[in-house]
Amino acid sequence: MLVVVIDDFAKEYLHNDLREVRETMLRKLDGLPEYAIRRPLTSTGTNLLGLVKHLTVAEARYFGEVFGRPCPEPVPRWDDLEQRGTDFWATEHETREEITSRYRRVCEHSDATIAALAVDAPGHVPWWPRPDVLLFNVLVHMLTETSRHAGHADILREQLDGAVEMDLAAMARRGLDAAFWQRRCAEIERAARAADSATA
């Protein structure tokens, strides 16, 4: 009996965290023009809308194909080498609304899979070295994957317009305004240069 209670708690805990971080991903697009959410901001082309598109494919595979519950949204097969990497960026013909709506629909399918299965339900991930998994493994993996990309999105959004996922009014009341962050960055820059000089 205690094991079942712990299993249910673990499943719900992980699922709630996944729901939360999904919403964080979508908020990163709020208020930005098309170019800003699509433009490559790293040397490998990472961009905000592409991260959402990539997570759509990941959710569809992990909570669909892996558990024999195919997602109704079309996604490229995991072993289609020609399609590899195309999920990290949006073409000019794909709209923000299409991509974000598809992400929400795929997440609803994922939520239905999570709700229908026990945390120890077996699945099969053919692209993993140890392909036999449990729903628990996949929940942890998708929470980690989505959180990692939410961290990328935090940095990309801050680069674009300085927006951060914090309560800026509360920070300003504590003296953590723009001037504070400029001083902090200057302090960090000085420390980095000093450490570099010390090791040269």
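Everything here concerns the structure above.
Residues numbered from 1 in each chain as written. Predicted model: local features only at pLDDT ≥ 70, side-chain atom pairs only at ≥ 80, totals over all residues. Heavy atoms only, no water.

A. Spatial organisation of the overall build of the protein chain. In terms of regular secondary structure, the protein chain is built from 7 helices and 2 strands. Walking the protein chain from its N terminus toward its C terminus, one meets helices and strands in the order α-α-α-α-β-β-α-α-α. In terms of overall dimensions, the protein chain has C-alpha extents of about 55 × 50 × 40 Å along its principal axes. Burial statistics for the protein chain: of 200 residues in total, 37% are counted as buried. Carbon and sulfur atoms make up 58% of the accessible area of the protein chain, which amounts to about 12,000 Å² in all. For the protein chain, the distance from the average position of its 25 positive side-chain charges to the average position of its 33 negative side-chain charges is 4 Å. (Helix = DSSP H or I, 4+ residues; strand = E, 2+ residues; numbered from the N terminus. Buried < 20%, exposed > 50% of the residue type's maximum accessible area, 1.4 Å probe, protein only. Areas by Shrake-Rupley, 256 points an atom, 1.4 Å probe, with all protein chains shown as cover. Lys, Arg positive; Asp, Glu negative; His and termini not counted. Charge placed at Lys NZ, Arg CZ, Asp CG, Glu CD.)

B. Main features of the state of the cysteines. Under the criterion given, the structure shown has 0 disulfides. Here cysteine 107 stays free of any disulfide, with the sulfur of cysteine 71 as its closest cysteine sulfur at 9.4 Å. (Disulfide = S-S within 2.5 Å.)

C. Representation of the packing of aromatic side chains within the structure. For the structure shown, the criterion picks out 3 aromatic pairs. Aromatic side chains tyrosine 62 and tryptophan 127 sit 5.4 Å apart centroid to centroid with 75 degrees between the ring planes, which places their arrangement in the edge-to-face category. One end of the pair, tyrosine 62, is in helix α3 (residues 48-62); the other, tryptophan 127, is in the loop between β1 (122-124) and β2 (132-134), with 65 residues separating them in the sequence. Classification of tyrosine 62 as buried rests on a relative accessible area of 8%. Judged by centre distance (5.8 Å) and plane angle (50 degrees), the ring pair of tyrosine 62 and tryptophan 128 falls under tilted. Within this pair, whereas tyrosine 62 is found in helix α3, its partner tryptophan 128 is found in the loop between β1 and β2, the two being separated by 66 residues in sequence. (Phe/Tyr/Trp six-rings, centres within 6.5 Å; stacked < 30°, edge-to-face > 60°.)

D. Just the environment of glutamate 20, in detail. Structurally, the position occupied by glutamate 20 is in helix α1 (residues 2-27). You can call glutamate 20 exposed: its relative accessible area is 57%. In the structure, glutamate 20 is positioned 127 residues away from serine 147 in sequence and 9.7 Å away in space, judged by C-alpha atoms.

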